[in-house]
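Chain and residue survey
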Amino acid sequence: EVTVPFTRSRDKPSADAPPLYRLYYQAVFWVVETTVDATGTAWYTLQDDRLAHKYYVRASHLRLFTDAELAPVSPAVPPEAKRIEVDLTKQSLTAFESEQPVFTATIASGWLRRDPQPGEGRTVTPIGTYSVFEKVPSRHMGEGQLTSDLDADELPGVPFVSFFHMQGTAFQGAFFNASGVRERAGEL
């Protein structure tokens, strides 16, 4: 998990190497090894889950999760006794275990873009009853390009993604605040 406001990943484990993505506070990545450069600086090798590409970030800018942090919160509660309810009008989520609320959070649901570009369009949260079919601690979301362009539509390291709809709709952590969210807030 990134622990600084932002850092730049690199194509090689060196501060002089070409930059790649800007990685933001609380983004989460797959660390596959540690490397030390010629100056003695430690670098983590990150594995991009979408592009199968490795890139590097200063180890001092990330923290590793413990096994306990990645373990299920209530392993003794069977999956069929767990559910999540979303209230789109209140923009809130409540998690239940055996009909008892155990967690509540504010959310930012999907919304319809005012001026969709080609390949974009509806991002409205689907209404209905769904089951989570895949959980991953980190996901690269975006167009799937390896880039150093800070304006690119690339979000590597989106944390704790739970997919519940086959079109890619998911619950996820959000370290980002896209301009569209600010535009939407102005519409409410």
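Structure shown above.
It should be emphasised that the depicted structure is a prediction, and the values quoted were computed from it without experimental measurement. (Residues numbered from 1 in each chain as written. Predicted model: local features only at pLDDT ≥ 70, side-chain atom pairs only at ≥ 80, totals over all residues. Heavy atoms only, no water.)

Here we take up empty space enclosed by the protein. By the definition in use, this model includes one cavity of 30 Å³ or more. The space that makes up the largest cavity amounts to roughly 40 Å³. Residue lining of the largest cavity: Phe29, Trp30, Gln47, Asp48, Asp49, Tyr55, Ser138, His140, Pro156 and Gly157, and that is the complete set. Only strand 9 (134–142) and strand 10 (154–163) provide two or more residues apiece to the lining of the largest cavity. Along the lines of polarity and charge, the residues of the lining of the largest cavity split into four nonpolar, four polar and two charged. (1 Å grid on protein atoms, 1.4 Å probe; cavity = no way out; pocket = protein on both sides within 12 Å on 5 of 7 lines; lining within 4 Å. Points joined across faces, edges and corners; volume = space filled by probe spheres on them. Helix = DSSP H or I, 4+ residues; strand = E, 2+ residues; numbered from the N terminus. Nonpolar A, V, L, I, M, F, W, Y, C, P; charged D, E, K, R; others polar.)

Here the structure, examined in full by the defined rule, presents five aromatic pairs. Pairing Tyr21 with Tyr55 gives two aromatic rings, centres 5.3 Å apart and planes at 65°, and the pair type is edge-to-face. Within this pair, whereas Tyr21 is found in strand 2 (residues 19–24), its partner Tyr55 is found in strand 5 (residues 54–58), the two being separated by 34 residues in sequence. Of the two residues, Tyr21 and Tyr55, both sit in the buried class. Note on Phe65 and Phe160: the rings are 5.6 Å apart at their centroids and 70° apart in plane angle, and the pair reads as edge-to-face. Taken together, the residues Phe65 in the loop between strand 5 and helix 1 (67–70) and Phe160 in strand 10 connect sequence positions 95 residues apart. Each member of the aromatic cluster is reached from another via a ring pair, and the members are Tyr130, Phe164 and Phe171. Here the guanidinium or amino end of Arg22 rests over the ring plane of Phe6, the centre of that ring lying 4.4 Å away. Arg83 extends its terminal NZ or CZ atom over the ring of Phe96, reaching a point 4.1 Å from the ring centre. (Phe/Tyr/Trp six-rings, centres within 6.5 Å; stacked < 30°, edge-to-face > 60°. Buried < 20%, exposed > 50% of the residue type's maximum accessible area, 1.4 Å probe, protein only. Lys NZ or Arg CZ within 6 Å of the ring centre and 35° of its normal.)

Attention now moves to the sheet that holds strand 6 (residues 82–87). In space, the three strands of this open sheet follow the order 6-7-8, with antiparallel pairing throughout. On the outer flanks of this sheet lie strand 6 and strand 8 (100–106), each paired with one strand and no other. With direction set aside, neighbouring strand axes in the sheet form an average angle of 20°. As paired elements, strand 7 (residues 92–97) and strand 8 share six bridges and run antiparallel to each other. What sits directly across from Leu93, in strand 8, is Ala105. (Pairing = 2+ DSSP bridges. Axes fitted to C-alpha atoms, helices over the stretch in contact; angles between N-to-C directions.)

As a further point, take unusual backbone geometry. The phi dihedral of Glu99 is positive, around 70°, even though this residue is not glycine. Note on placement: Glu99 falls in the loop between strand 7 and strand 8. Judged by its relative accessible area of 56%, Glu99 is exposed. Of note, the phi angle at Phe160 is positive, near 50°, even though the residue is not glycine. Take Phe160: its relative accessible area is 39%, and that puts it in the partly exposed class.

Spatial ordering of the open sheet is given by 9-10-11, a layout of three strands whose pairing is antiparallel. Each edge of the open sheet carries a strand with a single partner, namely strand 9 and strand 11 (170–171). Note that strand 10 and strand 11 share two bridges and pair antiparallel. Bridge pairing in strand 11 links Ser162 to Phe171.

Note that all results are geometric; they support no functional claim without further evidence.
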